[in-house]
Structures are given as C-alpha cells and as structure tokens.
Amino acid sequence: MLIRSKRGWELPESAVTPESAFLTRRNVIAAGMGLATAGISIPASAQRLADVPDPTADLYPARRNERYTVERPLTAEQVAANYNNFYEFGGSKQIARAAQSLPLRPWTVKIDGMVEKPQTVDIDKLIRAMPIEERVYRFRCVEAWGMTVPWTGFPIKALMDMVRPLGSAKFVRMETFDTQPWAPGMRSPWYSWPYVEGLTIDEAANDLAILVTGIYGKPVPRQHGAPLRLIVPWKYGFKSVKSIVRISFVAERPVSFWERLQGGEYGFWANVNPAVAHPRWSQATEELIGGGGRVNTQIFNGYGEFVAPLYKDRQNERLWA
Ligand code: MTE
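Residues numbered from 1 in each chain as written. Predicted model: local features only at pLDDT ≥ 70, side-chain atom pairs only at ≥ 80, totals over all residues. Heavy atoms only, no water.

Caption draft 1: How the structure looks around the overall build of the protein. Counting its secondary structure elements, the protein contains 10 helices and 12 strands. Sorting the 321 residues of the protein into buried and exposed places 53% on the buried side. For the protein, contacts bridging at least 24 residues in sequence account for 74% of all contacts bridging at least 6. Entry remark: accessible area of the protein is about 13,900 Å², with carbon and sulfur atoms responsible for 54%. (Helix = DSSP H or I, 4+ residues; strand = E, 2+ residues; numbered from the N terminus. Buried < 20%, exposed > 50% of the residue type's maximum accessible area, 1.4 Å probe, protein only. Contact = heavy atoms within 4.5 Å. Areas by Shrake-Rupley, 256 points an atom, 1.4 Å probe, with all protein chains shown as cover.)

Encoded structure:
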C-alpha cells in the first residue's frame, strides 16, 4: 500500500528479506529497536498488556467449518504473526511488537445507522453471542503476496440478524479506532484516520464474509487486528479492516481509507482478479509468504463459485481493485 515513496514490498523479489531472516528472535528484537531509534518507545505497561488472559480464551479452538477447503498448506503461525500490514502501528511489515501497545479491554463495538436495534455491545458479550467457527481461507494482499490462514469468527450475517438492518441500508461501513497516543503510525501526516472500509449489504450477508475473533485456534493477537476484524477472502486484503470499533449500516457507499488516499489504485470493490493489473504491477501471480514459491492468482481468489453472482448486475463498475 504505497502512496508517496518506494517501500520494501516494491523491491524486486530478489531484494526482499527472506522470512527466515526476520523471524529469528534476534531480528524481532532488532525490529523493535528500530522503533526505538525512530523515537518510538513501547511503555512497560503496554508490554504487560500482552500477558492479560483473554476473557474468551475458553472458546478456542472452535469447530472447523469444512465447507471451505484450500488446496495449499497453512502458512506457519509465526510467519503470519510477523508479517503484517497495520499502518496505525507503522508502515513496515514488522509492526507486531509495536502493536502490543493496543489496549484490548474494555472494548465496545458501536452498531448504528439504519438498523432496528442500534446498540453498543461489549466485545466479550458479542463474541459469546455469535456462532464462532474456524474457516481456513486463502488470503491475498493487493501487494501480490498470499497466505493461507485458519481464522475463527462468525458470519457478518449473524450480526445483521441481531441488529436487523432496515431496507434503506445499502452498505456496511466498518471503522478502526481513531488516533491514539499508543499507535505510533497514526502520527504520520499522510493518512486520514480512522481506517474505514465498506461492503454492500449483499456482500456482507454472504456466508464467506466473517468478523474474525481468533486465528490458529486462539484469540486473534493484536497485530492481526484484535479483538475484531473483517475477513472477506475474495477481495484484496486491504478490505479486511482491523480492530473494529464501529459498524454502521448506511445508504451511501463509504469511501474507504486507501480509496480516499489513492483512489486510482485502490477502489471500493477490490475483488481479486489475476487478469487486471494494479497500475504499477501485475496481479497474475502471488508469492506465498513463508514458503511455497509463486503461484497463480485465481479470480475472486478462488471463491468465484460463492461470490460471482453478487456482481452479475454490476458489470459496468470497477470491480477489480
Ligand atoms: N486495517 C487497519 N485498521 N489498518 C491497516 O493498516 N491493513 C490492511 C488490512 N486491514 C490494515 C487493516 C491490509 S493492506 C492488509 S493486507 C491486511 O489488513 C493485513 O492483515 P494481516 O496483517 O492480519 O495479515
């Protein structure tokens, strides 16, 4: 997700640091020291936050839904947990340590807009009220890399059944926490916070679209968007907004974070399509992070059988990023 200057992921493949190099303990620590030299320090209280037991830990591992199968091996947990995009905590992939400053409780989610039952719900009550299950999905970032991840979560449809959207609601808008002193990336003047994403009501009601609460059989860690993040596996990863605090049912199409910043490159629909290149690189293939080499990207990231009908009447729209 690059706007102004060339970043690491734009380098040729040969120049990218192999995961084996940055995943050693020494390098994880070095990444943290990099933050320190940039004038960013992680308070001791923030370090301790990571040790507080998750109040929903007993729900994991959840039963796996076998409907969605994937032909390739899972990405290793430690690889996924150390190669993240979470610009609130910095512009590199090594934000895992900085993200440990995110306070997870108390956490509420405001659900408002065009619904019969607007409410602000405590995250633990919400998670316990929802039908959580594990889903193994392909995950495809617009930056032409991929992973295979066992998420745990619940269909957005279950939340819609709880709040009952009105007929006038056409879109679901989801928002991350706004500017915070403990989120160093939010000091950057380039971005317009908070991170916002949106789906049509039909997309949100599709069974594949889930709100994630866990990963690898455990509560989802901070760097992956705890305590609640979106996953829409047929779309590029930037649609999958993290650490959600507000979900609004609205009539107008929301303008999302990257669309606002660089609409020519990152649009609203952002459906995966190997035949439609990003303005600056091909989307035909993807590098499997953590091993597996380069593989061909599939239309709708391999989920066309479940989602293609959503777009049959939208062929004039810019459906592909
Ligand atoms: N959500 C927020 N709030 N901030 C972000 O920077 N990055 C997006 C998405 N959700 C992002 C976000 C992008 S570009 C990607 S690829 C995925 O999160 C990365 O998810 P992961 O780090 O769990 O793999």
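Caption draft 2: Fine view of the site of the ligand. Surveying the vicinity of the ligand reveals 17 residues, the closest of which are Tyr87, Glu88, His224, Ser240 and Lys242. Between an oxygen atom of the ligand and a side-chain N or O atom of Arg229, the distance comes to 2.9 Å. Here an oxygen atom of the ligand sits 2.7 Å away from a polar atom, N or O, in the side chain of Lys242. Isolated, the ligand exposes 530 Å² of accessible area, and the fraction of that covered by the protein chains is 100%. One can see that the ligand is located within the largest cavity. Among the residues forming the shell around the ligand, the class breakdown is 8 nonpolar, 6 polar and 3 charged. (Near = heavy atom within 4 Å. Polar contact = N/O pair within 3.5 Å; in protein donor to acceptor, adjacent residues only side chain to side chain. 1 Å grid on protein atoms, 1.4 Å probe; cavity = no way out; pocket = protein on both sides within 12 Å on 5 of 7 lines; lining within 4 Å. Sits in = over half its atoms within 2 Å of the grid points. Nonpolar A, V, L, I, M, F, W, Y, C, P; charged D, E, K, R; others polar.)

Caption draft 3: The arrangement of empty space enclosed by the protein in detail. Applying the stated rule across the entire model yields 3 cavities of 30 Å³ or more. A volume near 310 Å³ is recorded for the largest cavity. In terms of lining residues, the largest cavity is bounded by 24 residues, among which Asn85, Phe139, Arg229, Gly237 and Lys242 are the most central. For the lining of the largest cavity, the secondary-structure elements that each account for two or more residues are strand E3 (133–141) and strand E4 (145–155). Looking at the lining of the largest cavity, the element that brings in the most residues is E4, giving 4 residues. Along the lines of polarity and charge, the residues of the lining of the largest cavity split into 15 nonpolar, 6 polar and 3 charged. (Points joined across faces, edges and corners; volume = space filled by probe spheres on them.)

Caption draft 4: Fine view of the pattern of salt bridges. By the definition in use, this model includes 24 salt bridges. One salt bridge connects Lys235 with Glu203, and the closest N-O pair in it is separated by 2.7 Å. With Lys235 in the loop between strand E9 (229–231) and strand E10 (244–250) and Glu203 in helix H8 (residues 201–205), this residue pair connects regions lying 32 residues apart in the sequence. The salt bridge partner of Arg314 is Glu317, with a shortest N-O separation of 3.7 Å. Several salt bridges share partner residues, and in doing so they unite Arg63, Arg67, Glu133, Arg135 and Asp207 into one network. (Salt bridge = Lys/Arg side-chain N within 4 Å of Asp/Glu carboxyl O.)

Caption draft 5: Examining the sheet that holds strand E1 (residues 108–113) more closely. Spatial ordering of the open sheet is given by E2-E1-E10-E5-E6, a layout of 5 strands whose pairing is mixed. On the outer flanks of this sheet lie strand E2 (119–122) and strand E6 (196–200), each paired with one strand and no other. Strand-to-strand, the axes of this sheet are offset by a mean angle of 15°, without reference to chain direction. Pairing between strand E5 (residues 171–176) and E6: 5 bridges, direction antiparallel. Bridge assignment links Glu175 to a residue of E6, and that residue is Val196. On the sheet, helix H7 (residues 156–163) packs against E1, E2, E6 and E10 and is oriented at approximately 65° with respect to E10. (Pairing = 2+ DSSP bridges. Axes fitted to C-alpha atoms, helices over the stretch in contact; angles between N-to-C directions.)

Caption draft 6: Looking closely at H7. Turning to H7, its buried residues are Ile156, Ala158, Leu159, Met160 and Val163. Looking one or two places after H7, you find Arg164, whose phi comes out positive at around 55°.

Caption draft 7: Fine view of the nonpolar core. Core analysis: the largest hydrophobic core is formed by 89 residues, its most contacted members being Leu211 and Phe249. Each residue touching Leu211, except ones within four places of it in the same chain, is listed here: Thr152, Gly153, Phe154, Ile156, Leu159, Met174, Leu228, Arg229, Leu230, Ile244 and Ile247. (Core = buried A, V, L, I, M, F, W, Y, C linked by side-chain atoms within 4.5 Å.)

Caption draft 8: Here's a closer look at the confidence of the model for the protein. Overall, the prediction assigns the protein a mean pLDDT of 88, with 84% of residues at 70 or greater. Within the model, pLDDT remains below 50 along residues 4–48, and this stretch shows 52 contacts once partners closer than five positions in the same chain are excluded. (pLDDT = per-residue confidence, 0-100.)

Caption draft 9: Quick look at unusual backbone geometry. Cis rather than trans, the peptide bond between Tyr60 and Pro61 has omega equal to -10°. Mapped onto the elements of the fold, Pro61 is located in the loop between helix H3 (44–49) and helix H4 (77–80). Across the junction of Arg105 and Pro106, the peptide omega takes the value -5°, indicating a cis bond. One can find Pro106 in the loop between helix H5 (96–99) and E1. Even without being glycine, Arg164 reaches a positive phi, approximately 55°. Checked against the element boundaries, Arg164 lands in the loop between H7 and E5. Using a relative accessible area of 40% as the deciding quantity, one classes Arg164 as partly exposed. Phi angles above zero are rare outside glycine, and Tyr216 is one such case at about 50°.

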